[in-house]
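# Inside the fold
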Amino acid sequence: MRLFLSLLFAPLAAVAADKPNVLILYLDDMGWAQPGCYGGKLAPTPNIDSIAKNGVRFTDGYVAACICSPSRVGLLTGRYQARTGHDANSNEGKDPETKNLVLTETTIAQRMKAVGYTTGIIGKWHVGATSPEYLPGNRGFDEAFGTTGNLGDKMGFYKGKEFVPDPTGAPVTSPIYAREANAFMERHRAEPWFLYVPFNAVHSPVVASPEVKARFPDLPKGQKDYAALISEADDAVGAILAKLRELKLEENTLIFLVSDNGGASPLAEMNGLRGRKWLLWEGGIRVSWLAQWKGRIPAGRVIETPVIQLDILPTALAAAGGTPQSEWKLDGTNILPLLEGKTDKLDRDTLYWRFGVQYAVRQGDWKLVKAGLTQPVQLFNLKEDRNEKNDLASTNPDKVKGLQTLWDAWNANNLPPRWEDLRWNNGNNKNDPEAAPKKKNAKKAAK
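All of these numbers come straight from a predicted model, not from anything done at the bench.

This part is about the packing of aromatic side chains. If you walk through the whole model with that rule in mind, you get 17 aromatic pairs. Taken together, a centroid distance of 6.3 Å and an interplanar angle of 80° make the contact between Y80 and Y352 edge-to-face. Of this pair, Y80 sits in the loop between α3 (68–77) and α4 (108–113) while Y352 sits in strand β13 (residues 350–355), placing them 272 residues apart in sequence. For the pair Y80 and Y352, a shared accessibility class is recorded, and that class is buried. Residues W125 and F141 carry aromatic rings whose centres are separated by 6.1 Å and whose planes lie at 90° to one another, so their mutual orientation is edge-to-face. Here W125, found in the loop between β4 (118–122) and β5 (143–147), pairs with F141, found in the loop between β4 and β5; they are 16 residues apart in sequence, far enough to count as distant. The pair formed by W125 and F141 is uniform in burial state, with each residue classed as buried.

What follows concerns the confidence of the model for the chain. Residues of the chain with pLDDT of at least 70 account for 88%, and the chain-wide mean is 90. Segment residues 1–15: pLDDT under 50, and 0 contacts once partners within four positions in sequence are set aside and those in other chains are kept. Confidence over residues 433–447 falls short of pLDDT 50; this stretch has 34 contacts with residues more than four positions distant or in other chains.

All right, on to the nonpolar core then. Of all hydrophobic cores here, the largest spans 95 residues; its most connected members are L25 and W289. Among the elements that line this core, the one with the most residues is helix α7 (residues 221–246), at 11 residues. One finds C66, I67, A82 and W424 within the second-largest nonpolar core, a separate group that totals 36 residues.

What follows concerns the layout of surface pockets. Size it by volume and the largest pocket reaches roughly 450 Å³. What lines the largest pocket is a set of 18 residues, and nearest its centre among them are D60, E304, P306, R362 and D365. Along the lines of polarity and charge, the residues of the lining of the largest pocket split into 5 nonpolar, 4 polar and 9 charged.

Burial analysis of helix α9 (residues 312–319) places 7 of its 8 residues in the buried class, the great majority of the element. Trailing α9 by a residue or two, G321 shows a phi angle of about 90°, which is positive.

In this fold, Q378 is placed in strand β16 (residues 378–381). For Q378, a relative accessible area of 10% corresponds to the buried category. Once residues within four sequence positions are removed from consideration, Q378 is found in contact with R274, W281, K367, L368, V369, D391 and A393.

Attention now goes to empty space enclosed by the protein. Which parts of space are left empty comes out when a probe the size of a water molecule is rolled across the atoms. On inspection of all chains with the given rule, the structure shows 1 cavity of 30 Å³ or more. Put simply, the largest cavity is a space of about 90 Å³. Considering the residues around the largest cavity, the lining is formed by 14 residues, among which L151, T173, A201, V207 and L229 are closest to the centre. Tallying contributions element by element places α7 first for the lining of the largest cavity, with 3 residues. When grouped by side-chain class, the residues that make up the lining of the largest cavity number 8 nonpolar, 5 polar and 1 charged.

Below, the discussion takes up the sheet that holds strand β10 (residues 289–292). Across a sheet, paired strands are connected by hydrogen bonds in the backbone, their directions being either parallel or antiparallel. The mixed open sheet is built from 10 strands, whose spatial order is β7-β6-β5-β4-β8-β1-β9-β10-β2-β11. Each edge of the open sheet is held by one strand with a lone partner, namely β7 (162–164) and β11 (301–303). On average, adjacent strands in this sheet sit at an angle of 15° to one another, irrespective of strand direction. As paired strands, strand β2 (residues 56–58) and β11 are joined by 3 bridges and run parallel to one another. What sits directly across from V56, in β11, is R301. Strands β1 (21–27), β2, β9 (253–259) and β10 of the sheet are contacted by helix α2 (residues 46–54), whose axis makes an angle of about 60° with β10.

Definitions and cut-offs
- Residues numbered from 1 in each chain as written.
- Predicted model: local features only at pLDDT ≥ 70, side-chain atom pairs only at ≥ 80, totals over all residues.
- Heavy atoms only, no water.
- Phe/Tyr/Trp six-rings, centres within 6.5 Å; stacked < 30°, edge-to-face > 60°.
- Helix = DSSP H or I, 4+ residues; strand = E, 2+ residues; numbered from the N terminus.
- Buried < 20%, exposed > 50% of the residue type's maximum accessible area, 1.4 Å probe, protein only.
- pLDDT = per-residue confidence, 0-100.
- Contact = heavy atoms within 4.5 Å.
- Core = buried A, V, L, I, M, F, W, Y, C linked by side-chain atoms within 4.5 Å.
- 1 Å grid on protein atoms, 1.4 Å probe; cavity = no way out; pocket = protein on both sides within 12 Å on 5 of 7 lines; lining within 4 Å.
- Points joined across faces, edges and corners; volume = space filled by probe spheres on them.
- Nonpolar A, V, L, I, M, F, W, Y, C, P; charged D, E, K, R; others polar.
- Pairing = 2+ DSSP bridges.
- Axes fitted to C-alpha atoms, helices over the stretch in contact; angles between N-to-C directions.

Here it is as structure tokens:
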């Protein structure tokens, strides 16, 4: 009888084994060079570093936005957030009903459910929560728990399809998210699952548990608190990875670890990159970008080919055996062959950005960027000048014209920003020391 049952269910087990689990760890406001594997010195990050050791580290990993909410829209849909005019954070402006991930967009959770996955989110949502229909439980996630936005913005908590009072009673969420993520993996260990864990850390408020702060006795208070914030997030990553190993799921789990945008804190380690969060200089959009799939992705590789968080959706879907359809109009591309070492390049060679009045385009090694309403368009060769110090626009007018033409054609297929953010750098951006005096009509200029 036992032999009969094993033969009966063997095909089902094989099907499950063919579908890897997919885990996305999305850090918040972490500087490009914050993890040790990128040269970070402030706080050890052994667990984040282990993903680079066991998989791939991208030197030129990007996100499509330099702030939180638009970056998440791109991740969740595999499409540039400008396609729906979602240029600003969801908690900005005077008309909250417009500030959501529009219901016509299909999320990665919905895509993964369609190919047989149980789906979960544990963490910061921040793509709109003005009514329950916009919550993750109504956007394809079977299980959902976390904050609707930033901890310091008086945003609320959600569970499933509903808003709930703060059930944690604690300002530190990283260990809570790790605990909930591990419980999700335990519950669904026998079936293919997709789990998205967007941390609140290392976004402000800079809070950490006392025992973690005690690891840094020689640092001044500000540095100690920020180092502890990083360290506690790394602990949470480690707890999740340990649970994967305990459940014997690590070999069959495709893992991505990416920051949602560049560093925000003055203590964020950027290793010389110009700018930071809120700006389309490299420091705002080039981020820590790691991937691991033991047995499928060769370990310890460093890849310079540019990738972007939009690529995660089609890559996860391809790993699950799904095929994107042309009518989805995805902007991301399947990078699985690149991860597996089957190729060293992608068919795509151009990436685009729009953040209100700011815009940028990268093609090959060349980047054109306009980082403010009154700032000139500038041109850089990132292979020779990663830190964007030497503007080559005046000596390469044809290159400027060509890249501007590319960006204009791309932007013609986008919607104008649906609401305004005064921190677009319309001349009043405290994060940019080069900002010009404040100008009016920023929203008009963005269009």
